[in-house]
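Below are the chains, spelled out letter by letter.
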Amino acid sequence: MTALSPIDHLRALARDTFDVSWTLFKIMVPTLIVIKVLEELGGVELLSQLLAPLMASLGLPETMALVWATSLLTNIYAGMLVFFTHSDGVLTVAQVSVIGGMMLIGHALPIEVRVAQKAGVRLGFSLLLRLLGGLAYGYFLHLIYSLSNTLQEPAILLWQPTLGPEPTLLAWALEQLKGLVAIFLIIVLLLAVLRIFRIIGIEHLINLALAPLLRVFGISAQATSITLVGFTLGLSFGGGLLIREAASGRIKPMDVFAAMTLLGLSHSLIEDTLLILLMGADLSAVLSLRLLFTLLVAWPLIHWARGRSAAFQQRYLVHSLATDP
């Protein structure tokens with residue numbers, strides 16, 4: 001096979017960047033508008049009222065329902081702002097770790113479950129995984145900290161934001177536009193790095209090193225590097241790349257399912273971990289116990305799913321990208 005010239009690589013990079021960015025933006029832009037409308041109509045407050053009765057069983061005050069509801073519908077940043085205005089400095093490290101752990105799994109659902117759906121995973125499964133996974137992880141942490149009587153000292157906020165007036169619609173739109181530009185630049189960088197890794201053989205070495213671990217979760221070698229992107233940088237980026245690979249037919253539907261199940265429980269281990277630590281959460285909740293929880297949940301779930309009939313998988317777990325939205 002003839003080696004590609006630098007110009008050919010640049011053209012391929014530009015084409016891949018357009019494909020991945022366009023796919024993500026088609027999901028994100030309409031969803032961001034819908035979320036904003038829901039916020040204005042009181043959708044966040046309504047969701048928080050539904051979640052409030054569950055907070056006591058997690059050892060949390062009812063006000064934390066609004067924090068998680070904001071994270072679920074928008075993102076971790078917005079949830080953090082609500083947290084800083086409602087924590088009042090009375091929460092323990094254990095409590096902050098519980099709500100922080102829930103935010104790590106359950107956030108930005110309108111966008112991220114749609115990304116999973118476009119990659120070939122049923123929306124209902126992704127939604128249940130993130131919602132029930134967040135609740136289960138919160139209860140998991142609550143049990144560990146309460147039974148061991150650890151982290152009961154008052155939490156110390158490592159960062160306190162300066163809260164200004166509610167932004168106008170124009171300011172909100174400009175902020176979203178800046179976010180989309182940042183996402184585009186990150187996609188360019190990611191695809192360029194992945195292409196360079198592929199050219200010089202580092203991608204193959206990464207696949208060889210991680211294949212035994214990811215094989216435990218049923219993730220094929222073809223999805224290894226993309227899963228690593230989502231694992232470290234975020235589900236939107238990893239999911240965006242998975243959408244492209246799934247549409248091309250290079251990754252089988254159940255491999256996509258396995259990767260998105262793993263990423264649904266543990267993704268963005270760099271940025272999200274640092275954000276929740278700023279709230280005063282313990283490192284165990286955002287890293288070690290999160291990885292343990294992911295192993296305990298994702299491994300049996302993925303292997304159970306692979307044991308279902310093809311008809312069951314198609315109806316409840318995965319769908320054909322050629323026929324479904």
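Residues numbered from 1 in each chain as written. Predicted model: local features only at pLDDT ≥ 70, side-chain atom pairs only at ≥ 80, totals over all residues. Heavy atoms only, no water.

With that out of the way, let us pick up the nonpolar core. The biggest cluster of nonpolar side chains holds 91 residues, and the ones touching the most others in it are Phe 83, Ile 99, Met 103, Leu 242 and Met 279. In this view, Leu 242 contacts Ala 119, Ala 223, Ile 226, Ile 251, Ala 259, Met 260 and Leu 263; residues no more than four positions away in its chain are not counted. (Core = buried A, V, L, I, M, F, W, Y, C linked by side-chain atoms within 4.5 Å. Buried < 20%, exposed > 50% of the residue type's maximum accessible area, 1.4 Å probe, protein only. Contact = heavy atoms within 4.5 Å.)

Moving on: the environment of Phe 184. Secondary-structure assignment places Phe 184 in helix H8 (residues 169-200). In this structure Phe 184 touches Thr 17, Ser 21 and Phe 25, once residues within four positions along its chain are discounted. (Helix = DSSP H or I, 4+ residues; strand = E, 2+ residues; numbered from the N terminus.)

Evaluation of the coordinates by the stated rule reveals two cavities of 30 Å³ or more. When its volume is computed, the largest cavity comes out at roughly 80 Å³. If you go around the largest cavity, you meet 13 residues; those closest to its centre are Ala 116, Ser 126, Leu 129, Met 260 and Gly 264. If you list the elements that add at least two residues to the lining of the largest cavity, you get helix H6 (109-119), helix H7 (123-148) and helix H12 (253-265). Grouping the amino acids of the lining of the largest cavity by side-chain chemistry returns eight nonpolar, three polar and two charged. (1 Å grid on protein atoms, 1.4 Å probe; cavity = no way out; pocket = protein on both sides within 12 Å on 5 of 7 lines; lining within 4 Å. Points joined across faces, edges and corners; volume = space filled by probe spheres on them. Nonpolar A, V, L, I, M, F, W, Y, C, P; charged D, E, K, R; others polar.)

The tally for this structure, following the rule as stated, stands at five salt bridges. Of the charged contacts, one joins Arg 195 and Asp 16 as a salt bridge, the two residues approaching to 3.1 Å between their closest N and O atoms. With Arg 195 in helix H8 and Asp 16 in helix H1 (residues 6-40), this pair connects stretches of sequence that are 179 residues apart. Among the ionic pairs, Glu 40 bridges to Lys 36, the shortest N-O distance being 3.2 Å. (Salt bridge = Lys/Arg side-chain N within 4 Å of Asp/Glu carboxyl O.)

All right, on to the packing of helix H3 (residues 63-73) against helix H5 (residues 93-105) then. Taken N-terminus to C-terminus, the directions of H3 and H5 make an angle of 20°; their axes are 9 Å apart at the nearest point. Taken as axis vectors, H3 and H5 run roughly parallel relative to one another. Our pair here, H3 against H5, has a crossing hand that is right-handed. Of the residues in H5, those touching H3 at Met 64, Val 67, Trp 68 and Ser 71 are Ile 99, Met 102 and Met 103. When the residues that make up the contact of H3 with H5 are grouped by side-chain class, the tally is six nonpolar, one polar and no charged. (Axes fitted to C-alpha atoms, helices over the stretch in contact; angles between N-to-C directions. Parallel < 35°, antiparallel > 145°, perpendicular 65-115°, else oblique. Left-handed = near helix turned anticlockwise from the far one by under 90°.)

For Leu 151, which is not a glycine, the phi torsion comes out positive at approximately 60°. Examined against the element boundaries, Leu 151 turns out to sit in the loop between H7 and H8. When its relative accessible area of 17% is taken as the criterion, Leu 151 is described as buried. The residue Ser 268 is not glycine, and still its phi comes out positive at about 50°. Ser 268 sits in the buried class, given a relative accessible area of 3%.

Across the interface, H5 lies against helix H14 (residues 283-306) with an axial gap of 10 Å and an inter-helix angle of 60°. It follows from the interaxial angle that H5 and H14 lie oblique. Note on packing geometry: the crossing formed by H5 with H14 is right-handed. Judged by residue contacts, Ser 97, Leu 104 and Ile 105 of H5 engage Ala 285, Val 286, Arg 290 and Phe 293 from H14. Taken together, the residues of the contact of H5 with H14 sort by class into five nonpolar, one polar and one charged.

Moving on, we get to the packing of aromatic side chains. Two measures describe an aromatic ring pair: the distance that separates the ring centres and the angle between the ring planes. The full count for this structure, using the stated rule, is eight aromatic pairs. Between the aromatic rings of Phe 125 and Phe 257, the centroid separation amounts to 4.8 Å while the plane-to-plane angle is 45°, which identifies the pairing as tilted. Of this pair, Phe 125 sits in helix H7 while Phe 257 sits in helix H12, and the two are 132 residues apart along the sequence. Like Phe 125, the residue Phe 257 is buried in the burial classification. When the ring of Phe 140 is compared with that of Phe 293, the centres are 5.7 Å apart and the planes differ by 45°; the resulting orientation is tilted. Within this pair, whereas Phe 140 is found in helix H7, its partner Phe 293 is found in helix H14, the two being separated by 153 residues in sequence. Cluster of aromatic residues (ring-pair linked, three or more members): Tyr 137, Phe 140 and Phe 293. (Phe/Tyr/Trp six-rings, centres within 6.5 Å; stacked < 30°, edge-to-face > 60°.)

Keep in mind these numbers describe shape, not what the thing actually does.
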